[in-house]
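Each chain is listed here by its residues.
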Protein chains: 2
Amino acid sequence: MATIKDVAKLANVSVGSVSKYINGHKVKDTTAELIQNAIDALNYEPNIYAQGLKTNRTFSVVLIIPTVWDPFYSELTYYIEKYLEEYDTKLIICNTKNDLDKELKFITMARQNKVDGIIAITYSNVDEHVPDELPVISIDRSFSKHSTFITSDNYKGGEIAAQKLQDAGSSELFYFGQGSKIENETINRLKGFQDYCEQYSLNYKVYYQKGRRHSTADYLSEFADDLQEMDQSIGVFTDTDTHAWMLIDELSNRGLKVPEDIQIIGFDGSKSSQQTPTFLSSIRQNVNAIAKESVQQLMLQIEEDHFVPKKIIIPVEFIQGKTTFPSNV
Amino acid sequence: MATIKDVAKLANVSVGSVSKYINGHKVKDTTAELIQNAIDALNYEPNIYAQGLKTNRTFSVVLIIPTVWDPFYSELTYYIEKYLEEYDTKLIICNTKNDLDKELKFITMARQNKVDGIIAITYSNVDEHVPDELPVISIDRSFSKHSTFITSDNYKGGEIAAQKLQDAGSSELFYFGQGSKIENETINRLKGFQDYCEQYSLNYKVYYQKGRRHSTADYLSEFADDLQEMDQSIGVFTDTDTHAWMLIDELSNRGLKVPEDIQIIGFDGSKSSQQTPTFLSSIRQNVNAIAKESVQQLMLQIEEDHFVPKKIIIPVEFIQGKTTFPSNV
DNA sequence: TTGTAGGCGTTATCAT
DNA sequence: ATGATAACGCCTACAA
């Protein structure tokens, strides 16, 4: 591997000049040409580690998520990498499965100068371990630190879901969801749903377990038991698409039809892949916008000296799939 | 940020000793203690860039895939990151959307010492740009270089698909798929399917377009037109799950029912997330095994001096979903 | 405009 | 077992 010295020697100039040329400073045209020729001849590439050692910029960012193996997170990852590329910055991914240890490991890595910043979706108490100097964007949950915080309009999403179920003719509304021990933004999906139901005096019931007293499957099965006994027109809003899919599967095993017997609206509205057709009616998060905003804000934070953290809320929208009837209003 | 010098000073030892201690070499117990105390006191973390500069090991690997926003690739990414962690190695991801330029950019990055190796799924001609010294694992497609090559048993998968459709009672079999310009392993899915049909004298027809003369949607619609006119018992094998989903959507828009009117088997069998229930009957690739093998082989290649490239084939299996009837044999 | 030299934080060699 | 010191490849004053 050729070094800057080799280039300098071949071009008959000093390393200083080569360095300047590489970094876009002014050099005489003729020397520039000399240098470029040498670079081409030697197939020279600057060693990023030596650069990083001097400059403390690594042009890489770590994304901390529960798991990339999930439509929402994989879409987010896709877009974040895409926008990061505009800054010539690489994306390192960290699947934590909500494992605090692993999160800390990556934060340590960041402290070792390995990355310029962090974008995190984490539902454990990682806040206190993040050093103040390190640029952080947190999605869906506010760090106690003064970091910028980006989230979808979960509350509004809950309202819309209730409204859409109502419009589609459901007379009995249900919320099904699960919360982690650490408070996070998704609880607002429930709040919006509840408030809307209260406001319009709708019949509704909430199945919400915080933590994991029962396994999701058990809790879901219990929920399905109750649904099965009802004969009104049922509409269910689940806190995530994944739970919606699980519910659909459970109901189908019991011979119940969606949307004929039960209408379902999920939350996320992300698709397994860019081309996957929409099946599930859902409240769609604007993943693209979240990713774009995250990257922009992170870059601001990295580049600006004095950065004022913000809270940014991204709108959501309802998408009509095949698990609810079209609105009849 | 404390450096190794600060630690040495505080512990009253030389930097050499600190370095040894950090790297697990032998030091006297008492000095070890001294050093550890200093490290704790200063909250010291080695600077990875300085380390990389010396050792030329970066403990990072880049994964080149078309897009992480896809069930198969996101599952693969998940497992690769998981196994890489056992080697304390980070994963950088590169979504190429099959863009040669972007692939090259990441390979350049690798040449800059930024990564220790590459795992790639790429359907463009990237081979010749990979320098010989760089460890590479290629999945699904053999590089011309002498790199290790890992793939599922696509041929067998094609055979199984035909057989399962036959067993499930289909009398007219179809293959639907799309190939990229560059030859790759997935063509064996078709071959296995064809050979099986020939061997057992089954009625079958192939819809396969190489390159992209028509858009996938158009080609699919054309295919659905033809299916719609038939009245025999139809079974379709698609080259990917994604195409299967698109077909199901297309058929549903035409009022055709799966599996009652048409049975469908996809290929990949990967799920959107770990908990997503299985709906599609499919030939499942053992993504976990592919990931594990890729990482192990890559690490061998990185660590061993003389490495002999291998071709590794991972078995596939049929999974029964709800888009085919249970076998009646 | 260009060249020189010191230093970034580590590791590794060589004495001690 | 430990300490001193020369690299690793690059950037950046400072000097010329």
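Residues numbered from 1 in each chain as written. Chains lettered and ligands numbered in written order. Predicted model: local features only at pLDDT ≥ 70, side-chain atom pairs only at ≥ 80, totals over all residues. Heavy atoms only, no water.

Chemist: Before we go on, may I ask you to explain the packing of aromatic side chains in this structure?
Modeler: What describes a pair of aromatic rings is the distance from one ring centre to the other and the angle between the planes of the rings. Applying the stated rule across the entire model yields 37 aromatic pairs over all chains. An angle of 50° between the planes, with centres 6.3 Å apart, marks the rings of Phe237(A) and Phe267(A) as tilted. Taken together, the residues span a long stretch of sequence, with Phe237(A) in strand 8 (residues 234–238) and Phe267(A) in strand 9 (residues 262–268) at a distance of 30 residues. Ring geometry for Trp245(A) and Phe279(A): centres 5.6 Å apart, planes at 20°, overall stacked. A residue pair is termed long-range when its members are at least 10 positions apart, and Trp245(A) in helix 10 (residues 241–253) and Phe279(A) in the loop between strand 9 and strand 10 (282–285) qualify at 34 residues. Members of the aromatic cluster, joined through ring pairs, are Phe174(A), Phe176(A), Tyr207(A), Tyr219(A) and Phe223(A). In this arrangement the basic side chain of Arg189(A) is found over the ring face of Phe267(A), its NZ or CZ atom lying 3.8 Å from the centre. Positioned above the aromatic ring of Phe59(B), the side-chain terminus of Arg57(B) is 4.6 Å from the ring centre. (Phe/Tyr/Trp six-rings, centres within 6.5 Å; stacked < 30°, edge-to-face > 60°. Helix = DSSP H or I, 4+ residues; strand = E, 2+ residues; numbered from the N terminus. Lys NZ or Arg CZ within 6 Å of the ring centre and 35° of its normal.)

Chemist: Would you take a moment to explain the interface of chain B and chain A for this structure?
Modeler: The accessible area lost on association of the parts is a frequent measure of interface size. Taken together, the 53 residues of chain B in the interface contact 53 residues of chain A. When the buried area of chain B at its contact with chain A is split by residue, Tyr49(B), Trp69(B) and Arg111(B) rank highest and sum to 18% of it. Applying the counting criterion to the chain B and chain A interface returns six salt bridges. Residues Glu81(B) and Lys102(A) are paired through a salt bridge, measuring 2.9 Å at the closest nitrogen-oxygen approach. Remark: the boundary between chain B and chain A carries 17 residue pairs in polar contact (both at pLDDT 80 or more). (Contact = heavy atoms within 4.5 Å. Buried area = accessible area lost by both parts, 1.4 Å probe. Salt bridge = Lys/Arg side-chain N within 4 Å of Asp/Glu carboxyl O. Polar contact = N/O pair within 3.5 Å; in protein donor to acceptor, adjacent residues only side chain to side chain.)

Chemist: Looking at this model, I keep getting lost on the protein's contact with DNA strand D. Mind explaining?
Modeler: Close contacts around DNA strand D come from 23 residues, with Ile4(A), Tyr44(A), Ser17(B), Lys28(B) and Lys54(B) the closest. Among the atoms of DNA strand D lying within 4 Å of the protein, the sugar-phosphate backbone contributes 66%. In the model, a phosphate oxygen of DNA strand D is placed 3.0 Å from a nitrogen or oxygen of the Asn47(A) main chain. Contributions of two or more residues to the surface near DNA strand D are made by helix 2 (15–22) and helix 4 (48–55) of chain A together with helix 2 (15–22) and helix 4 (48–55) of chain B. Examining the composition of the surface near DNA strand D, we find that four residues originate from one element, helix 4 of chain A, more than from any other. (Near = heavy atom within 4 Å.)

Chemist: What am I meant to see in the UniProt feature "domain: HTH lacI-type" (unreviewed entry) in chain A here?
Modeler: Under the present numbering, the feature "domain: HTH lacI-type" (unreviewed entry) in UniProt falls on residues 2–55 of chain A. Across residues 2–55 of chain A, helical content stands at 70% and strand content at 0%; the span's end C-alpha atoms are separated by 21 Å. (UniProt positions renumbered as here; feature names shortened; annotations may be inferred.)

Chemist: Sorry, what's going on with the pattern of salt bridges here?
Modeler: Opposite charge on two side chains permits pairing when their charged atoms draw close. Applying the stated criterion across every chain yields a total of 16 salt bridges over all chains. Notably, a salt bridge pairs Arg254(A) with Asp225(A), separated by 2.8 Å at the nearest N-O pair. Taken together, the positions of Arg254(A) in the loop between helix 10 and strand 9 and Asp225(A) in helix 9 (residues 216–228) put the pair 29 residues apart, joining distant regions of the chain. For Arg254(A), a relative accessible area of 23% puts it in the partly exposed group. Residue Asp225(A) is classed as partly exposed on the basis of its relative accessible area of 36%. Its salt-bridge partner being Asp116(B), residue Arg57(B) comes within 2.9 Å of it at the nearest N-O pair. Within this pair, whereas Arg57(B) is found in the loop between helix 4 and strand 1 (60–65), its partner Asp116(B) is found in the loop between helix 6 (100–111) and strand 3 (117–120), the two being separated by 59 residues in sequence. Overall, the relative accessible area of 8% leaves Asp116(B) in the buried class. Each of Glu81(A), Glu85(A) and Lys102(B) takes part in a single network of salt bridges with overlapping partners. (Buried < 20%, exposed > 50% of the residue type's maximum accessible area, 1.4 Å probe, protein only.)

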